[in-house]
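Spelled out from the first residue to the last, the chains are:
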Amino acid sequence: MIVFSGAVSDNARFFMKKLEARMLIIVTSIVSIIFCIPIVLLCIYVDWISVIMFIPFVFAVLSGVFYRVIPTDLKKIRMPTKVSIMSDIMISSGKDFEYGRYYDDVKKVVDYGEWYHMVFYFPHKIVYYVCQKDLITEGTIEEFEELFKDKLVRKKLKGKG
């Protein structure tokens, strides 16, 4: 068993905020497109002037989403305080959440130097699996890397912006 426990650094918090924002934008865009296409087609079929009146509504919805994505105080972001890794299941828990994922759902583990980020296959995607190296309380980094040796990818962050 490998356990990472404690508060993650500000760099990891900023990284998770960017991931969360990216996921929110993608999901909202897909849902908006799915709902906007039939409405626009209906407006064109009924009256093309309706499209002009519909455009401000779409911009209002999208601007509300992008306003939500603007980085806020890093201390208010939902962060994992404990990530437990057993041989076949991983549990990430924080103040108000707990998620479990299977080892087979892991697509890759990205090593950013200071921490690891686990990336999962599609319906199991989640951003709350950040394991900061200096917060390991059970097991060792070598055991962690051995467990994920075929899925480990080393990357460097491009910067905070």
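Rules used in this analysis
As a convention, each chain's residues are numbered from 1 in the sequence order in which they are written. Where local features are concerned, this predicted model is filtered to residues with pLDDT of at least 70; where side-chain atom pairs are given and counted, the filter is 80 or more; whole-chain, interface and lining totals use all residues. Derived side-chain values reflect all non-hydrogen atoms in the structure, with water molecules and hydrogen atoms excluded from consideration. We define a salt bridge as a side-chain nitrogen of Lys or Arg found within 4 Å of a carboxyl oxygen belonging to Asp or Glu. Buried, partly exposed and exposed residues are distinguished by accessible area as a fraction of the type maximum, computed with a 1.4 Å probe on protein chains only: under 20%, between the cut-offs, and over 50%, respectively. A run of H or I in DSSP becomes a helix once it reaches four residues, and a run of E becomes a strand once it reaches two; helices and strands are each numbered from the N terminus. Expected span, for any helix, means 1.5 Å times one less than how many residues it has. Throughout, bend refers to the angle between the axes fitted to the seven residues that end at a position and the seven residues that start at it. Pairing between two strands requires that DSSP report at least two bridges joining them. Each axis is a line fitted through C-alpha atoms, and for a helix only the stretch in contact is used; angles between axes span 0 to 180 degrees, taken between their N-to-C directions. Pairs of residues are marked as contacts when any of their non-hydrogen atoms sit within 4.5 Å. pLDDT gives the predictor's per-residue confidence on a scale running from 0 to 100.

1. Some remarks on the pattern of salt bridges
- Throughout the structure, instances matching the rule amount to four salt bridges.
- Between Glu-145 and Arg-154 there is a salt bridge; the shortest N-O distance is 3.5 Å.
- Under the relative-accessibility criterion, Arg-154 is labelled exposed at 55%.
- What you see here is one network of salt bridges that share partners, running through Asp-111, Lys-133, Glu-145 and Arg-154.

2. Structural notes on helix α1 (residues 10-46)
- Taking 1.5 Å of rise per residue, 37 residues should cover 54 Å, and α1 covers 52 Å from first to last C-alpha, within 8% of that figure.
- Along its length, α1 reaches its greatest deviation from straightness, about 30 degrees, at Cys-36, and the proline Pro-38 lies no more than four positions downstream.
- Among the residues of α1, those classed as buried are Ala-12, Arg-13, Phe-14, Phe-15, Met-16, Lys-17, Leu-19, Ala-21, Thr-28, Ser-32 and Cys-43.

3. A look at the sheet that holds strand β8 (residues 136-138)
- Pairing is antiparallel in the open sheet, where five strands are placed in the order β4-β3-β2-β1-β8. Each edge of the sheet is formed by a strand with only one pairing partner; in this case those strands are β4 (98-102) and β8. Recorded for the sheet is a direction-independent mean angle of 20 degrees between the axes of neighbouring strands.
- Across five bridges, the pairing between strand β2 (residues 80-85) and strand β3 (residues 89-94) is antiparallel. Paired with Ile-85 across the two strands is Met-90, which belongs to β3.

4. Observations concerning the environment of Ala-12
- Relative to the assigned elements, Ala-12 resides in helix α1.
- Separated by 103 residues in sequence, Ala-12 and Trp-115 place their C-alpha atoms 7.4 Å apart.
- Discounting chain neighbours no more than four positions away, the residues touching Ala-12 are Trp-115, Val-130 and Gln-132.

5. Here we look at the confidence of the model for the protein
- Overall, the prediction assigns the protein a mean pLDDT of 79, with 86% of residues at 70 or greater.
- Confidence, read as mean pLDDT per element, is least for helix α2 (residues 49-69) in the protein (68) and greatest for strand β5 (residues 106-111) (90).

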